[in-house]
Amino acid sequence: MKLIALEEHFVTADLVGHGASTASIAQPHVWAEASRRLLDLNEERLAAMDAAGLDMQVLSLNSPGIQAETDPAAAVRQATTVNDFLAGVIAEHPDRFSGFAALPLQDPAAAADELERAVAQLGLRGALVNAHTHGTYLDDPALRVVWERAEHLDVPLYLHPANGVDAAHVFSGHPELVGPMWSWGLDTATHVLRLIFGGVFDDFPKAKLLLGHMGEGLPYVLWRLDSRWGFHAHHGIELKRERPSEYIRHNLYITTSGVCSSAPLLAALLSMGADHILFGTDYPFEDIETATQFLRTAPISDADRLKIGQQNAEKLLHLTPSSAYAGV
Ligand code: MN
C-alpha cells in the first residue's frame, strides 16, 4: 500500500500572521512547535513521513489561510502567490507531495478562476476551504460559480474548520470549548447541512466535498437526520433527493484526519462505505506515526485498508496509480 494523506498543513512566512486567531486557542508551547513544523516543507517533514511510512502528503495552507484577509484584492494576490509556491514545492518532490489550492473566496469569480488555474496549470488536485469567509458560507448564491467550476474540473473541495464568526450562547463562559476540541466540528457539520439544505448538491450533483476528522460526526447521525427531516417543517425547501443522508453518502468523502480510533472508523465504514473514506493525519497538529499505525492496525479488511490508504485518493484526486501495490 502506498499511503496517501489528505489533511496535511503548511504555512509560508508571509501568511503566518493569518493564523493569529487560531494561535490564541492553543497552548503556547504547542502552537510554537506546530508553527515551526508548518513552515518546514523539506528535511524534517520528509523524515517524519519516512519514519511513519507515509508516502505522500496532499498539502494545504493552514487554517484560516487567506480567507482571513479583509482586502479581496490582496486575497487574490496571496492565493496566486501561495498556489505558485505550493506547485514549486510539489515539483521538487512530486512523488511525496501533492496539493490543494487556496482560494480567494472574498472574490467569487476570481476564486473560480484561481481554482481552474491551480488545477489546469499548476496540477493541484482541488482546493481546501477553511469554513466561512468573513461570515459567508459555501451555500451562498455568490459562490455557486466556485461549485460550478469545481464540478466541471471534477475536483473536490475540502471543507476544513476555522474559528466561527461568533460563538453561540451555549459557549458563554466556556472558552475551552471553542476550537478544534469541540466547536469546530459542530460548525463544520452545520456548514455541510447548509450546503445540503441550501441546494448546492441539487444544483451540482457531481460536486465532491471532502470533510476531515472522520466526517465531523455526520456519519453517526444519518438515520436521525432522515427521521427528523420527516418531522420538521420544511420552510419551503424542496430537495431533489428524499433523504438528507443521500447527499452525505453521494457527495461527501471523509478523511480520518485527527481521529485515530477504531469505533468511529467502523461507524463511518458502515454508514458511508469504504469508497468514501480516505486517510489523513492533520499534520502537524497530530502525530503522523500514530495515524499511520492506526490505519495499518485498524480492524478492517485489507481491501478496505487499501481503498482508504491509497486507492480512493488516487481516484478522487486523479493521481497516477502507483505500481507499488506491495500489499499492506
Ligand atoms: Mn487540520
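Structure's up top.
What comes next concerns the included structure. Residue numbers run consecutively from 1 along every chain, following the written order of its sequence. Since the coordinates come from a predicted model, pLDDT governs what is reported: local features require at least 70, and pairs of side-chain atoms require 80 or more to be given and counted, while whole-chain, interface and lining totals use all residues. Just so you know, side-chain values use all the structure's heavy atoms and leave hydrogens and water out.

This part covers the nonpolar core. Formed by 79 residues in total, the largest nonpolar core has its most connected members in L103, L115, W147, L157, F201, L209 and L252. Every residue pair with non-hydrogen atoms within 4.5 Å of one another is taken to be in contact. Ignoring sequence-local partners within four residues, the contact set of L252 consists of V192, F201, L209, L211, L218, Y247, M272 and H276. Here, nonpolar core means buried Ala, Val, Leu, Ile, Met, Phe, Trp, Tyr and Cys residues that are tied together by side-chain atoms lying within 4.5 Å of each other. Using a 1.4 Å probe on the protein chains alone, a residue whose accessible area is under 20% of its type maximum counts as buried, one over 50% counts as exposed, and one in between counts as partly exposed. Formed by 14 residues, the second largest nonpolar core is a distinct cluster that contains L6, L128, L210 and L319.

Let us now look at the environment of L218. Inspection of the secondary structure assignment puts L218 in the loop between β6 (209–211) and α9 (222–229). Taking relative accessible area as the criterion, L218 reaches 4% and is therefore assigned buried. Put simply, L218 and V129 are 89 residues apart on the chain and 18 Å apart in space, counted from C-alpha to C-alpha. Residue contacts for L218: discarding those within four places in its chain leaves A189, V192, L193, L211, I248 and L252. Helical segments are the DSSP runs of H or I of at least four residues, strand segments are the runs of E of at least two, and each set is numbered from the N terminus.

Below, the discussion takes up helix α4 (residues 72–92). Its 21 residues give α4 an end-to-end C-alpha distance of 31 Å, which sits within 8% of 30 Å, the value for a rise of 1.5 Å per residue. Within α4, the full set of buried residues consists of A74, A75, Q78, A79, V82, N83, L86, A87, V89 and I90. Against β1 (4–10), β2 (56–61), β3 (97–99) and α5 (108–120) lie the buried residues of α4. Throughout this description, a polar contact denotes any pair of N or O atoms lying within 3.5 Å of each other; where both atoms belong to protein, one of them has to be capable of donating a hydrogen while the other can accept it, and for residues adjacent in sequence the pair is counted only when both atoms sit in side chains. A distance of 3.1 Å separates the backbone nitrogen of A73 from a side-chain oxygen at the start of α4, and that oxygen is part of D71. What a helix is expected to span follows from its residue count: subtract one and scale by 1.5 Å.

The aromatic pairing rule takes the rings of Phe, Tyr and Trp, using the six-membered ring of Trp, and pairs them if the centres are within 6.5 Å, calling planes under 30 degrees apart stacked, those over 60 edge-to-face and the rest tilted. Using the criterion set out here, one finds five aromatic pairs in the structure. Sitting over a ring, as applied to charges here, requires NZ of Lys or CZ of Arg to be within 6 Å of the ring centre and within 35 degrees of the ring normal. Its guanidinium or amino end placed over the ring of Y247, R241 lies 5.7 Å from that ring's centre, counting from NZ or CZ.

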